[in-house]
Amino acid sequence: MLVHIIGIGILAIIFVLGTTRPINLGVLSLFAGIALTALVAGGDFEVLYNAFPADLLILLVGVTFLFGIASINGTIAWLVDASARLVRGNVAVLPWAIFFVSAIPTTAGALGPATVAFLAPIGLQLAKRYEMDRRLIGLMIVHGSACGNFSPVNVLGAIVNQALDGTEGLSSSPLILFAANFGYNVLLGVVIYLVFGGRQLIGRQMASRVPERVLEMQSAGSTQSSEGPGVAEGPDVPKVEDAMGHTHERLTSTKIVTLVTIALVATITLSAGVDIGILALSAAVILKLILWKSSEGAESRIAWNVVLLVGGIVTYIGVLQYLGTVQFVGESASALDNPLLTALIICAVAAIVSAFASSTGIIIALIPIATPFLLQGEIAIPAMIAALTICATVVDSTPFSTVGSLVLASTDAEKQPSVYRGMLAWGAAMVITAPVITVLVLVLPTM
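In what follows, the accompanying structure is described. (Residues numbered from 1 in each chain as written. Predicted model: local features only at pLDDT ≥ 70, side-chain atom pairs only at ≥ 80, totals over all residues. Heavy atoms only, no water.)

1. Structural notes on the state of the cysteines
And then number 1: Evaluation of the coordinates by the stated rule reveals zero disulfides.
And then number 2: C391 takes part in no disulfide bond, and the closest cysteine sulfur to it belongs to C347, at a distance of 4.2 Å. (Disulfide = S-S within 2.5 Å.)

Here you go:
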C-alpha cells in the first residue's frame, strides 16, 4: 500500500510544481518516473522505457507536421475560408456546426483521435480568424467527437459490449450506452458554449478580411512561384473576390495536392484502420519532398513542447500502472459495503486515470475489476457501465490525453498557454463532476 500512496503523492507534487513553476510538466514527470523506478521498481528502467508512449509521439509529430505544411502553403486558410462561407457568415452557428460535424465520424465508427486530428487544425484556424475563444472551439471538437465514442459500430463501443457479453452474468445494452454518452456530451457542449463566449457570438457576423499570408505576399510583390518537378502553383496571390466584394483564398495546384494528400490520409485511416500517426508522418515527409519550396519551415510547426508534456505524463502513469496502483484503488473500492460509494470510487478512478492515460485501456481494466460488484445485483448494470464509460472519456478534454493534446498542438503558439490552462481547468472539472453527476443521475435511480 505504501508504494501506491507514494506514487499518487508524487503525482500530486508534479502538478503543484508544474502549475507554480515555469517548467514543463512532462520533464517533471519523466524525472519522477526515473526516481520512482529507481526506488520502487528495483532500478529496472525497462519499465520506464516500456511506459513511454512512442505511438503518441509519432501521432503528434506526424499530424502537426502534416498540418504545418498545410498551414504554411495556405491550404488551411482556404479550408477555413470555405467552411466560413458554409454558415453564411453567422459566427454563433460555427461552434455547433463544428460540434456535430465532429460527432459524425466517431458515430460512424472512426476513432476519436483520427477525427480530432483532422478537424482541430481547421476549427482552431476558424477560431483565430474570427476571433473566437480557442477553448470554445477546441472543447466543442473534443466533446463533439466524444458523442460517438460508444456507437455500436465504434471500436470503443464494440470493446465494451463484447467485454460485457463475454462475462458470465453480464450483458450489454448498446443503445442505452450510446444514448447516455451522446446526451451527456451534448449537455457539456451547451455548458462549453455558454462558459467560453458563445453568447457573445450571437448576432455577430463574420467580417471580411484578407488573410495575413495574402497581405505579406502583396507587400513582397510576389506574382509567381514554382514548387519543384511537376508541380506548378500558378499565381501566388491566393485570393479571389466574389460578387459581394469579399476576398477569399484562391484554390491553387499546391493546395489541391495538399488537400488530396490529407483526404487520402483521412480516408485510409477511417476506413482501413491504419495508424494515423504513421500515415500522417509518412504523408508529411512525401509532401515536404514534393512541395519543398512552399512548405519551408513546416518542421517548426511540430509541437515538440506538447510531445514532451504528454509523453512525460503518460510515461509516469504507465509506471504507476506497472506497480499496480490503479488496480489497487479499484479493488479497494469494490470491497466496500456501500454500493453507491463503490460506484462513485470506481467512476472517480476511471476519470482520474483516463485524464492522463488511455481511456480504452482503463475501461478494459476496470470492467473486470468491477465485475464482482456488478454481479451483486444492487445496481443496474447498464447504468453503471454508462457512468463508468462516460467518466473515462469526458476527461479526454485534458491537455494530457491524446485528443486534448491534438487540440493543444493545433492551437496558434501565442494562445497555447491560455488554452492549456483552460483545458486543464475544464479537465479537472470533468474529473470532479463526471463521477458525481453520472452516479446521481444514472446509478442512484436504479438502486
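That covers the picture; the talk isn't over yet.
2. Concerning the side chain of R134
And then number 1: Structurally, R134 is set in helix α8 (residues 134-146).
And then number 2: A distance of 3.1 Å separates the side chain of R134 from the backbone oxygen of M132, its partner in a polar contact. (Helix = DSSP H or I, 4+ residues; strand = E, 2+ residues; numbered from the N terminus. Polar contact = N/O pair within 3.5 Å; in protein donor to acceptor, adjacent residues only side chain to side chain.)

3. Looking at the packing of helix α17 (residues 339-354) against helix α21 (residues 416-443)
And then number 1: Following both chains from N to C, one finds α17 and α21 inclined at 140 degrees, their axes separated by 9 Å at the closest point. Judged by the angle between their axes, α17 and α21 are oblique. As α17 runs across α21, the sense of the crossing is right-handed. Listed contacts from α21 to L340, A343, L344, C347, A348, A351 and I352 of α17 are V431, P435, V436, T438, V439 and V443.
And then number 2: Residues of the contact of α17 with α21, tallied by class, amount to twelve nonpolar, one polar and no charged. (Axes fitted to C-alpha atoms, helices over the stretch in contact; angles between N-to-C directions. Parallel < 35°, antiparallel > 145°, perpendicular 65-115°, else oblique. Left-handed = near helix turned anticlockwise from the far one by under 90°. Contact = heavy atoms within 4.5 Å. Nonpolar A, V, L, I, M, F, W, Y, C, P; charged D, E, K, R; others polar.)

4. Some details on the nonpolar core
And then number 1: In terms of nonpolar packing, the biggest core is built from 129 residues, with L25, I363, M384 and F400 touching the most fellow members.
And then number 2: Ignoring sequence-local partners within four residues, the contact set of F400 consists of F15, L25, L309, V310, I313, V314, A355, F356, Y420 and L424. (Core = buried A, V, L, I, M, F, W, Y, C linked by side-chain atoms within 4.5 Å. Buried < 20%, exposed > 50% of the residue type's maximum accessible area, 1.4 Å probe, protein only.)

5. Comments concerning helix α20 (residues 402-410)
And then number 1: Counted residue by residue, α20 has eight buried out of nine residues, so it is predominantly covered.
And then number 2: Listed as buried for α20 are V403, G404, S405, L406, V407, L408, A409 and S410.
And then number 3: Where α20 is buried, its residues contact α4 (54-72), α7 (112-129), α8, α15 (304-323) and α21.
And then number 4: Where α20 begins, one side-chain oxygen reaches toward the backbone nitrogen of G404, 3.0 Å away; that side chain belongs to S401.

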